[in-house]
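Topology and contacts: notes
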Amino acid sequence: MSICRKPYPSDVGDEEWSLVVPYLLLQREDAGQREHDLREVFNGLRYIVKTGAPWRWMPNDLPPWAAVYQQTQRWLAAGCFEAMVDDLRSVLRLAAGRKAEPGAAIIDSRTLRSTPESGERAGYDGGKRKKGSKIHIAVDTLGHLLALHVTPASADDRGEVERLARTVQAVTENHVEVAYVDQGYTGERAANAAAEHGISLEVVKLPEAKRGFVLLPRRWVVERSFAWATRFRRLVKDYERYPETLAGLHVVAFACLMMKQAATLAAGS
């Protein structure tokens, strides 16, 4: 590795770095205004997302927190991680014997409890009895990210279907034909919103005689994706002042998961 310090578990590996560095070069690596090594800045971002540490608690042997935060905001504003996720998703699907673009998606939401930093924009989710922000997500049938955005927890899931469907079709070039959802998305409102973008909603219902935990067909995939995200401690609660940052850090987390899978495939080939 190109570092002179003791590595952190969150550091990007050589194979991973070779895959992702083209997406992060907003300017040349030898640009005169670049003060810190780009890989170390990315390691700093990964450290924050993985450990959940406040920005100002960045270890002294990584670049200063302000430099990492400012560069992260530039990356998020430029859509670097969205582009990375879109390309890695195609690579991983092809490696799994699937078509590059999915024909089906799974849609769901998750409520994150608010913190003092995010409290002003928090809403109350009556179903979860929790005040905070809601993460609306669409994944393919392998669990890879397609679309994600953040609202107050009080937002109705049905009302967010149109935005998710629009993004899903934009990133897949209108390949998705069906989206699997839970019973929170029933009704004409959600169905019509999806149909406007050529997607048919299919509600996966709980068995009537439910007892204990039940693994639902198709639906378990998105729950697994949420579980993957909770491995990044920064995403366990809503620690961000702005919803765009919260959404962006979720995309960073999925990019990290996918680049690790892609690097493993590359190393084994």
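Residues numbered from 1 in each chain as written. Predicted model: local features only at pLDDT ≥ 70, side-chain atom pairs only at ≥ 80, totals over all residues. Heavy atoms only, no water.

Moving on: helix α1 (residues 14-24). Residues of α1 that are buried include every one of Glu 16, Trp 17, Val 20, Val 21 and Leu 24, and no others. Summarising the axial view, the buried residues of α1 lie within an arc of 125°, below the 170-degree limit, and thus occupy one face. Buried positions along α1 lie against α2 (38-51), α3 (65-78), α4 (80-95) and α8 (243-268). (Buried < 20%, exposed > 50% of the residue type's maximum accessible area, 1.4 Å probe, protein only. Helix = DSSP H or I, 4+ residues; strand = E, 2+ residues; numbered from the N terminus. Arc of directions from axis to C-beta. Contact = heavy atoms within 4.5 Å.)

This part is about α3. Between the first and last C-alpha of α3 there are 20 Å, a value that for 14 residues agrees with the 20 Å anticipated at 1.5 Å per step. In this fold, the buried residues of α3 make contact with α1, α2, α4 and α8. Downstream of α3 by a residue or two, Gly 79 has a phi angle that is positive, lying close to 70°. (Expected span 1.5 Å × (residues − 1).)

Scanning the model with the defined rule gives 7 aromatic pairs in all. Ring plane angle 85° and centroid distance 6.1 Å describe the contact between Phe 42 and Trp 75, whose orientation is recorded as edge-to-face. Placement of the pair is Phe 42 in helix α2 and Trp 75 in helix α3, with a sequence separation of 33 residues. Assigned by exposure class, Phe 42 and Trp 75 land together as buried. An aromatic cluster of three or more residues is present, and its members are Trp 17, Phe 42, Trp 75 and Phe 81. Across from the ring centre of Phe 232, 4.6 Å away, lies the NZ or CZ of Lys 50, which sits over that ring. (Phe/Tyr/Trp six-rings, centres within 6.5 Å; stacked < 30°, edge-to-face > 60°. Lys NZ or Arg CZ within 6 Å of the ring centre and 35° of its normal.)

Positive phi, close to 55°, is recorded for Arg 129, a residue that is not glycine. Along the chain, Arg 129 falls in the loop between β2 (123-125) and β3 (130-139). Even without a glycine there, the phi angle at Glu 173 is positive, about 60°. Along the polypeptide, Glu 173 turns up in the loop between α5 (161-172) and β5 (178-181). Residue classification places Glu 173 among the exposed residues on the basis of a relative accessible area of 59%.

Moving on, we come to the confidence of the model for the chain. Overall, the prediction assigns the chain a mean pLDDT of 91, with 91% of residues at 70 or greater. When pLDDT is averaged over each element of the chain, α5 comes out on top at 98 and helix α7 (residues 219-229) at the bottom at 91. (pLDDT = per-residue confidence, 0-100.)

Attention shifts here to the pairing of β3. Among the 10 residues in β3, 8 count as buried, and that is most of the element. Across 8 bridges, strand β1 (residues 104-113) lies against β3 in antiparallel orientation. By the bridge assignment for β3, Ile 106 is matched with Val 139. Here β2 folds back onto β3 in antiparallel fashion, the turn holding 4 residues, of which Arg 129 has a positive phi close to 55°. (Pairing = 2+ DSSP bridges.)

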